[in-house]
Structures are given as C-alpha cells and as structure tokens.
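A closer look at the structure
What follows is each chain in one-letter form.
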Amino acid sequence: MSELTGRTAEELGAAIAAGETSAVEVTRAHLDRIDAVDPAVHAFLHVAGESAVAQAAEVDRRIAAGEKLGPLAGVPIAVKDIIVTQDMPTTAGSKILENWLPPYDATLVRKLREAGLVVLGKTNMDEFAMGSSTEYSAYGPTCNPWDTGRIPGGSGGGSAAAVAAREAPLAIGTDTGGSIRQPGAVTGTVGAKPTYGGVSRYGLIAFSSSLDQAGPVTRTVTDAALLHEVIGGHDRCDSTSIDAPVPPVVEAARRGLTGDLTGVRVGVVREFAAAQGAEPGVVAAFEAGVQTLTKLGAEVVEVSCPHFEYALPAYYLIAPSECSSNLARFDGVRYGLRVGDDGSRALEEVMSLTRDRGFGPEVKRRIILGTYALSAGYYDAFYGQAQKVRTLVTRDFTAAFEQVDVLAAPTTPFVAFPFGSRTADPTQMYLADLYTIPSNLYGGPAISVPCGLSEGLPVGLQIMAPTMADDRMYRVAAALESTQSPRLADQTPEVTA
Ligand code: GLN
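Quantities reported herein were computed from a predicted structural model and do not represent experimental measurements.

This next bit is on the overall build of the protein. What the protein contains, in helices and strands, is 17 helices and eleven strands. Over its C-alpha atoms the protein spans a radius of gyration of 21 Å, differing by no more than 12% from the 23 Å that the globule rule assigns to 497 residues. The principal-axis extent of the C-alpha atoms belonging to the protein is close to 65 × 55 × 45 Å. Counting all 497 residues of the protein, 61% fall into the buried class. Put simply, of all contacts in the protein between residues at least 6 apart along the chain, 77% involve residues at least 24 apart. As presented, the protein carries roughly 17,700 Å² of accessible surface, and 52% of it is formed by carbon and sulfur atoms. Placing the 40 positive and 57 negative side-chain charges of the protein at their respective mean positions leaves the two points 3 Å apart.

Here it is, written out as structure tokens:
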C-alpha cells in the first residue's frame, strides 16, 4: 500500500500544493488501493479511473500555472451513488436506474470539481437510501473493513467503507435518518450531517425531501470541516437551501483540536440513556467519551427530551410518505428501466411491470406504507399525527438548547452486526437509527466521531447542535478526537482480497 493512502485529506492537499507530490500521483495511489481491496470490500459501484486521472492532471496543470486553489485541490473523493454526476452512471443502488447517465452534475459535485477535488467514482448504498446496512443495495452488499462478515452501516455503507479502507480520503454521504452518521460509527470514521439546507439538495435523488441532507464522510474532524466548507452554501436551484454564509466550521475544528472545552455545556439526553436495547459495550464507550469531554473542561448535564422516544415511529411515517410521492417519477417512461413495452401493453401495465422488476422489497414496502399513510381517511391519523410529533421533537431540541450548547448521545445502539441478522424483521433494522433520527426531524447538524471499541468494533459518539451552529459540533468533536492517538480511523485492520 502506498504511504499516500494513509494520509489525511488535509495533509494530501498541503503536499500537493507544496509540490511534494502531485494530484495524479495521489489519485493513482488511491486507484491502486481500490484495485487491491475493493474486490473484498465492494464499496464502489463505479470507478472512473481514467476521468479521475485526467481531472487530477488538470489540477496539477492549474497549480503549475500558479492558480490559487483551495486546501483540498487534488484530493480524491468518492461520491454516494444517489448524487447525480454527468460523466458517471447514477443508480441510487436500484435496478430501476441501472446504466442511467444523468444529464447534469449535482450542485455539490460541481462545487467539488471547482475546488479541484478529484471524483474517483460512485459508492454503494441501500436502494434509494432506505436501510441501515447496505444489504438492500440491488448490486450486493458492501463489507465492513473491520470485519468483512459484518455490515458497514447504511444507507451510505459504501462511502464509509471506502474511507475506512483507505480507498478514498474523503467521501460524500446523505443523511435522511442517520445514513452518514450510522455508517461512520460502525466503520470508525467521521460522518457529519450539516444543518438541513446547509448543503444544496439540487441533484440529490430525493428520498424524503424534508429530511435529506448531504455531508462529509472522512477520517478526521478537520477533513470533514474542510469538505463541509467546499460543498456548503446557498444554491438558488434548491428552494430549501439556506441563504446565509457557511458557519466557520474549519476554524471551529482547529479550535477544538487544542483540547480545551472550558465553558462548553454538553447535555446528555436522559431518555436515550433509559431506552432499552443499547449494547453494554456501546454504552461504556459512550460514557468514557463523555468523561473525556468533562476532562477537557466541558460541563456535562443531563437534559430531558421527552418526545425523542416517538421520533422513530414518526420518522417511519414521514419518510415513507414523502418517498411514496418522490418515487412516483420512476414510471418506466422518463428514466432508466422499462419493462414489457412491446407494443401490446397499455401504459399502466408497462409502469407496473417496470416498478415490479425495478424496485426491491424495502422500497416497495416504503411506497406502500407511505401511500397508505397519506390516503384519504388515514392522513390525519398517521401522517398528520407524525407531523405533530415532529413539532414536539423540535420543541424538545429548542428547550434543551436553552440549557446546553450541544447534545451528546451514542450514534447507534449497537456495533456493526453480521450480515443477515436484521433483514428478517424490518423493525430490527429500523432500530439502528434510534439515536440519529431526532436531529433529522429537527433539522439541526449532527456528527458522529469515533469514541472507542466494543468487542473490537468501532463505536461512535454523536454531537448534535442547534440549526446553523454547525461550528459548535465540529469544535466538540475535534476536541474529543484530539485525545485519541492514534485515531481510531487510522487503525482499520488490513483488508485482504
Ligand atoms: N436507515 C434509515 C432509513 O432506512 C435512514 C436512511 C437514511 O438516512 N438515508 O430510512
């Protein structure tokens, strides 16, 4: 393995800018690494080797010409396959979009390219981002580099596994109910969900539009902040995009690395501690993490968020409802797959054959559930009720942030589980997002940072902050990371093909 694949994105960017290495060399090192380990990991659905080297050469040319590029210029990145890319197929992990080539780049992809980042390829995911293990990908699962018999989390398991296995120093994920943070936690990487609207959703294939948010997947908190600054900011192509400057996240991460949290108030959610089902090893690692925050000077207090226990059921009405509407666009006419169009069948029949073949079981389950929850006669009892719970969860956050600056919680109730252990009963899979869903309902930023091991597998600690206070969560997360030497993300065991 090249020494280059062990470096952080920040280090790589600096080395490229200083002429110590080139973007092409760094890109080739990561492509070689993908060749070596991806047969065992299966993080990628598409690797764009040639175009990546060409992009890297262009960055080297711009640097040689004296152009001033950003701190991540020349650094390779992997992008979750739910984000559209003009020069690469985009499947969202579904057969219904197999071989579909989007006609445009998502805003965040355009921003990556403008900042000189090199897109290596597209990463595996649960179909349409519905799942917590990447086992619902129509293209086969991704393996956790810590133990290839276990899941890498989901839905963005490909992005997290690629970063953990050093196939890419950076990746992009999307988080509707935890899909950046939960894979981060179980692969020992950093996953950050920015404030809803902080990163443009233009070009993100919609699952649940009021919850979907793209963000960074990295091995260090500073790398996440650097990437956040590249992709964040207002976009007039997304009507829910926030028209305000990106919070000073890089500055906050650097401040956090000094290891001083004097004056920072951290709330631990009482109802989470009381919830059943968290593994003792996860609870122990989380508690040790909280103790570390105290040692760094933070004031830790218990806070009550009484409605958090209803967040999971509310999410599983709101997200399927929105998905039943969003996925109506996959009709066999406009995009991708079309089945049975032999001239003998009516449009509706072609549509139904296409959806039957193109969508997997979890996606069908959600569409049916959501259609039911939105139907006349049931709307008030299900969707309407869930929206009321969403308001109550938001009020819990608002009340908590009057007492504390950030909230801390475990990211997940359990470590990476073995393949197949939670697919028989969907509700067992849904539990993986018990702790991540509240901040999606609220819209605030949240980050998962490694905080230790349980039974030899990574555990994540989650920091949640008020909307637009993304900088606060980076500061606290970086402070925690500063106490770890070596960092957990630098200890991923070697994967053998
Ligand atoms: N696991 C959750 C779900 O299945 C969250 C997915 C996500 O964040 N995209 O809906």
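Back to the text.
Around the ligand, a shell composed of 15 residues is seen, among which Gly-177, Ser-179, Tyr-315, Arg-366 and Asp-433 lie nearest. A distance of 3.5 Å separates a nitrogen atom of the ligand from a polar side-chain atom of Ser-155. Contacts to the ligand include Tyr-315, whose side-chain N or O atom sits 2.6 Å from an oxygen atom. In isolation the ligand has 290 Å² of accessible area, and contact with the protein removes 100% of it. Looking at the shell around the ligand residue by residue, the class counts come to five nonpolar, seven polar and three charged.

Here eleven strands make up an open sheet; going across it, the order is E1-E3-E2-E4-E6-E5-E10-E11-E9-E7-E8 and the pairing mixed. Each end of this open sheet is capped by a strand with a single partner; those strands are strand E1 (44-47) and strand E8 (299-303). Taking each pair of neighbouring strands and ignoring which way they run, the sheet shows an average axis angle of 30°. Bridge count between strand E7 (residues 265-269) and E8: five bridges; the pairing is parallel. Following the sheet pairing, Val-266 is matched in E8 by Val-300. Running over the sheet, helix H17 (residues 470-482) touches strand E5 (190-193), strand E6 (214-218), strand E9 (406-410), strand E10 (446-454) and strand E11 (457-464) and is turned about 20° from E10.

For helix H7 (residues 221-231), a buried count of ten out of eleven residues is recorded, marking the element as mostly surrounded by other parts of the structure. Val-221, Thr-222, Asp-223, Ala-224, Ala-225, Leu-226, Leu-227, His-228, Val-230 and Ile-231 are the residues of H7 that are buried.

Membership of the largest hydrophobic core comes to 153 residues, with the highest contact counts inside it found for Leu-112, Phe-128 and Tyr-474. If near-sequence neighbours (up to four positions away) are discounted, Leu-112 is found in contact with Ile-77, Val-79, Leu-117, Ile-172, Leu-227, Val-230 and Ile-231.

Time to look at empty space enclosed by the protein. What the rule picks out here adds up to two cavities of 30 Å³ or more. Put simply, the largest cavity is a space of about 80 Å³. Contributing to the lining of the largest cavity are 14 residues, with Gly-198, Gly-233, Val-246, Pro-247 and Met-468 lying nearest its centre. Of the residues assigned to the lining of the largest cavity, the class counts are six nonpolar, seven polar and one charged. Its volume calculated, the second largest cavity comes out at about 70 Å³. Ala-129, Gly-131, Ser-179, Tyr-315 and Asp-433 are the residues nearest the centre of the second largest cavity, which is lined by 15 residues in total. Along the lines of polarity and charge, the residues of the lining of the second largest cavity split into five nonpolar, eight polar and two charged.

Most of E9 sits out of view: five of its five residues are buried. Here E9 shows no split at all, with Val-406, Ala-408 and Pro-410 on one side and Leu-407 and Ala-409 on the other all buried. Judged from the three bridges that link them, E7 and E9 form a sheet pairing that is parallel. Across the sheet, Val-268 pairs through a bridge with Ala-408, a residue of E9. Here E9 runs beside E11; their pairing, made up of four bridges, is antiparallel.

Rules and cut-offs
- Residues numbered from 1 in each chain as written.
- Predicted model: local features only at pLDDT ≥ 70, side-chain atom pairs only at ≥ 80, totals over all residues.
- Heavy atoms only, no water.
- Helix = DSSP H or I, 4+ residues; strand = E, 2+ residues; numbered from the N terminus.
- Rg over C-alpha atoms; globule rule 2.2 N^0.38 Å.
- Buried < 20%, exposed > 50% of the residue type's maximum accessible area, 1.4 Å probe, protein only.
- Contact = heavy atoms within 4.5 Å.
- Areas by Shrake-Rupley, 256 points an atom, 1.4 Å probe, with all protein chains shown as cover.
- Lys, Arg positive; Asp, Glu negative; His and termini not counted.
- Charge placed at Lys NZ, Arg CZ, Asp CG, Glu CD.
- Near = heavy atom within 4 Å.
- Polar contact = N/O pair within 3.5 Å; in protein donor to acceptor, adjacent residues only side chain to side chain.
- Nonpolar A, V, L, I, M, F, W, Y, C, P; charged D, E, K, R; others polar.
- Pairing = 2+ DSSP bridges.
- Axes fitted to C-alpha atoms, helices over the stretch in contact; angles between N-to-C directions.
- Core = buried A, V, L, I, M, F, W, Y, C linked by side-chain atoms within 4.5 Å.
- 1 Å grid on protein atoms, 1.4 Å probe; cavity = no way out; pocket = protein on both sides within 12 Å on 5 of 7 lines; lining within 4 Å.
- Points joined across faces, edges and corners; volume = space filled by probe spheres on them.

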